[in-house]
Structure formats: C-alpha cells, structure tokens
Amino acid sequence: MSLRDDAARVLKEWPAPSDDQERLRLAYLDHLAAHQDGMWKPCKDGHVTASALVVDPAGGRVLLTLHRKLEMWLQMGGHCEPGDATLADAALREAREESGIAQGLTLLPGGPVRLDRHHTPCAWHLDVQYAALAPEGAEAAISDESLDLRWFAYDEVASVADASVVRLVERTRALLQRSA
C-alpha cells in the first residue's frame, strides 16, 4: 500500500468529530482523488502533511516548537517523505525529529486527532494531526528547524499559539480524558 493509499484509507475511516472536520475530511479525499501527487511538496494545489502534538499528560503540558520559517509556536510536523509507510509514521517521524525525543514517543490510539487546512508561504497544507504521548521524564532537544522548543502548560497555549494549535490541544485533552 502506498502512502497516498494509506492517507485515503485513514481519511475514509476517520470519524470526524464535527461538521467542519467532516467537510475537511471530504475535501482532503477530493484532493487526493484529483491529484496523484497530492501527498508531496511539489503539488502546486497543496499537499497532505502530518503533524503530532507532543503531550505529557502527567505533567499537563505540551511541547511546542517555534518554527524557524513561520516564526510561530506550533506542534511538530511537516511534509511526508518517500520513506514514510503511513501517515502515522510520518507524524511520529516529525515528532521525533523536531522534539529531539528519539525514544518512547507513542501516538495516541485511534488515529488522527484533527484536520487543519492552512496556507504557508509555499502552498496549502492539508494537515492530518495526531497526538504523541511523551514518555515520563522525556527531555526535548531543539532541532535545526526550530528557533526554540518549550513545554507549555495546557492553559498557557492560548497565550503563545494560534487558534489551530489551541483547538488541537483542546481536542487532544478531550480524547485523553475519555481514555483515562
């Protein structure tokens, strides 16, 4: 199964939690149907990306990166690469690379947490967002893609990040509470 096939499968099976998320889910599927290269950065009409919010549930905090190019506090994430077998693999790879937490990150079960479509200076990103649980005592290390890397308490996120990150944190917290 190709990465594109996996993305289509994930999006077909994902139970969108709201009407706006359902509209995005269908738009992502339409994009993949219309663009054979819809997973890759060169696709001029946009491309599917994968991200993961690194969460420390015991500490009530999330790890955000101050993105070097966008100069915004964001979750870890980015472009899919040819070596990624699945969207989940791409999200976990990005989380490891950008957080510096090489061992012990695991994705929150149940697939993606949210979808977010946003424009970057290069193209539209059709982001499939996961949550990655950090192991106890995880120590982050800044990557070349970041200006800064910092843990924020859940209630601090709204003061540093945009609404899309706030929504991702809120949805992740709701899912964590359900699984507890």
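Placed above this text is the structure.
My aim in this report is to walk through the structure given alongside it, one point at a time. (Residues numbered from 1 in each chain as written. Predicted model: local features only at pLDDT ≥ 70, side-chain atom pairs only at ≥ 80, totals over all residues. Heavy atoms only, no water.)

The interhelical angle for the contact between helix H1 (residues 3-13) and helix H2 (residues 19-34), taken along N-to-C directions, is 155 degrees, at an axis separation of 10 Å. One way to sum up the angle between H1 and H2 is to call them roughly antiparallel. When you trace H1 past H2, the crossing you get is left-handed. In this structure, H1 contributes Arg4, Ala7, Ala8, Leu11 and Lys12 to the contact, and H2 contributes Arg25, Tyr28, Leu29, Leu32 and Ala33. (Axes fitted to C-alpha atoms, helices over the stretch in contact; angles between N-to-C directions. Helix = DSSP H or I, 4+ residues; strand = E, 2+ residues; numbered from the N terminus. Parallel < 35°, antiparallel > 145°, perpendicular 65-115°, else oblique. Left-handed = near helix turned anticlockwise from the far one by under 90°. Contact = heavy atoms within 4.5 Å.)

Counting 35 residues, the largest nonpolar core has Met39, Val54, Leu87, Leu105, Val128 and Tyr130 as the members making the most contacts within it. Residue assignment for this core shows that the elements contributing at least two residues are H1, H2, strand S1 (47-56), helix H3 (87-99), strand S7 (124-133) and strand S8 (146-153). Each residue touching Val54, except ones within four places of it in the same chain, is listed here: Arg61, Val62, Leu63, Met76, Ala95, Ser99, Ile101, Leu105, Ala132, Ala134 and Trp151. In this structure, Leu74, Val157, Leu168 and Val169 belong to the second largest nonpolar core, which totals 20 residues. (Core = buried A, V, L, I, M, F, W, Y, C linked by side-chain atoms within 4.5 Å. Buried < 20%, exposed > 50% of the residue type's maximum accessible area, 1.4 Å probe, protein only.)

This part is about the pairing of strand S2 (residues 61-67). Judged by how many residues are buried, S2 sits mostly within the fold: 6 of 7 residues are covered. Inspection of the sheet shows S1 paired to S2 by 3 bridges, in the antiparallel sense. Residue Val54 lies in a different strand from S2, and its bridge partner there is Leu63. Counting the residues in the hairpin turn of S1 and S2 gives 4 residues, including Gly60, whose phi is positive at 60 degrees. Pairing analysis gives 2 bridges linking S2 to strand S3 (residues 73-74), with the strands arranged antiparallel. (Pairing = 2+ DSSP bridges.)

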